[in-house]
Amino acid sequence: MKKIIYHQLTPMHVGSGSSLGVVDLPIYREAHTDFPAIPSSAIKGVVRANYEKEGKDNVEILFGNEDMEGDIIFTDAKILLFPVKSLKGVFVWITSPLALQRFERDTNTSLNLNYSNLTRNKAFVSSDSIVLKNNNKNIIVLEEFSFEVEVNPDIAKLKDVSSDKIDKDKIVILPDDVFRFFVKNYTEVVARIRIDQETGTVKEGGLWYQELTPTETVYYGCVTSRTNNQENLKKIVDFINDKILQFGGDETLGRGFTHLKVEGN
């Protein structure tokens, strides 16, 4: 099994269908955590389409057809790092103990980070470059919320095990419930309209709101061979490693461009 890091280069909409809420087209989320995710079916479909487009062989053996299962298995991509506006440093990447524990378990990665004394109003940061002084306290301000901070340079190792395109000095660990609040409420929501070409005005019912995960979001997942065929697995790993693929909807609007990095390549 190989670890894949997905680093968004543009906003992405991987949808979950329509909604009765304020947002007409919400993003796909895990039901039990509300964390954004990319379902494995969406990943496999995109990889297969690009693999076929480049004229590669053994497409049905690798990806299957209506009569047989393919050999290659992709897991869902789970959230690891989420970008949030910061009063100092423009923005930071946030994560949480739960997200890190799942990352360690799913990818067999050992981080050796201690966050046992992380409390609701506290944050662990990888560097003091994003820290402010307030009444002799070290704080970080994310959106409109402030947190007392403890600097732990070991957090910077998350760059090495995830995306080399992130800044190791701008990583923040927040409590699980705070992290969930941010990933739930600080995605992008954009208004979309449909224009009547004859009148040049908005068509009736042609206004809707769509949710996007922001540029710089980082996910992780795994890829493996169902039959433990290392040759088949290598074909896919070599194909997707260091590649930019487009996931989700609105391809012509430039949504969903994502850089993929596979462990060990």
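A quick note: this is a predicted structure, and the numbers were derived from the prediction, not measured. (Residues numbered from 1 in each chain as written. Predicted model: local features only at pLDDT ≥ 70, side-chain atom pairs only at ≥ 80, totals over all residues. Heavy atoms only, no water.)

Asks: Looking at this structure, how should I read the overall build of the protein chain?
Replies: A tally of helices and strands in the protein chain yields six helices and 17 strands. Relative to the compact-globule value of 18 Å for 265 residues, the protein chain shows a C-alpha radius of gyration of 20 Å, a close match. Within the protein chain, contacts between residues at least 6 apart in sequence are counted, and of these 68% link residues at least 24 apart. Across the protein chain, the centroid of the 32 positively charged side chains sits 4 Å from that of the 38 negatively charged ones. (Helix = DSSP H or I, 4+ residues; strand = E, 2+ residues; numbered from the N terminus. Rg over C-alpha atoms; globule rule 2.2 N^0.38 Å. Contact = heavy atoms within 4.5 Å. Lys, Arg positive; Asp, Glu negative; His and termini not counted. Charge placed at Lys NZ, Arg CZ, Asp CG, Glu CD.)

Asks: Can you walk me through the packing of helix H1 (residues 40-53) against helix H6 (residues 230-240) in this structure?
Replies: Helix-helix packing is described using two parameters, namely the angle between the two axes and the distance between the axes. Two elements in contact, H1 and H6, have axes separated by 11 Å at closest approach and are oriented at 85°. For the element pair H1 / H6, the angle class is roughly perpendicular. Together, Val47, Asn50 and Tyr51 of H1 and Lys235, Ile236, Phe239 and Ile240 of H6 make up the contact between the two elements. Taken together, the residues of the contact of H1 with H6 sort by class into five nonpolar, one polar and one charged. (Axes fitted to C-alpha atoms, helices over the stretch in contact; angles between N-to-C directions. Parallel < 35°, antiparallel > 145°, perpendicular 65-115°, else oblique. Nonpolar A, V, L, I, M, F, W, Y, C, P; charged D, E, K, R; others polar.)

Asks: How should I be thinking about unusual backbone geometry in this particular structure?
Replies: Most peptide bonds are trans, and most residues other than glycine sit at a negative phi. Positive phi outside glycine occurs at Asn136, with the angle close to 65°. Residue position: Asn136 is located in the loop between strand E9 (132-134) and strand E10 (137-142). For Asn228, which is not a glycine, the phi torsion comes out positive at approximately 60°. Tracing the backbone through its elements, the reader meets Asn228 in the loop between strand E15 (218-225) and H6. Note on Asn228: relative accessible area 58%, which makes it exposed. (Buried < 20%, exposed > 50% of the residue type's maximum accessible area, 1.4 Å probe, protein only.)

Asks: What exactly am I supposed to notice about the nonpolar core here?
Replies: A general tendency of soluble globular proteins is for nonpolar side chains to be buried together. The biggest cluster of nonpolar side chains holds 47 residues, and the ones touching the most others in it are Phe74, Ile94 and Ile140. With five residues, the top contributor of residues to this core is H6. Grouped together as the second largest cluster of nonpolar side chains are 19 residues, Leu81, Leu100, Phe103 and Val218 included. (Core = buried A, V, L, I, M, F, W, Y, C linked by side-chain atoms within 4.5 Å.)

Asks: Sorry if this is basic, but what is going on with the pattern of salt bridges here?
Replies: Once their charged atoms are close, side chains differing in charge can pair, the charge on each being opposite to the other. Here the structure, examined in full by the defined rule, presents 15 salt bridges. Residue Asp34 pairs with Arg180 through a salt bridge whose shortest N-O separation is 3.2 Å. Here Arg180 lies in helix H5 (residues 176-185) and Asp34 lies in the loop between strand E1 (2-8) and strand E2 (37-38), a separation of 146 residues in the sequence. The exposure class of Asp34 is buried, given its relative accessible area of 18%. What makes Arg180 partly exposed here is its relative accessible area of 38%. Between Glu54 and Lys243 there is a salt bridge whose closest N-O contact spans 3.3 Å. (Salt bridge = Lys/Arg side-chain N within 4 Å of Asp/Glu carboxyl O.)

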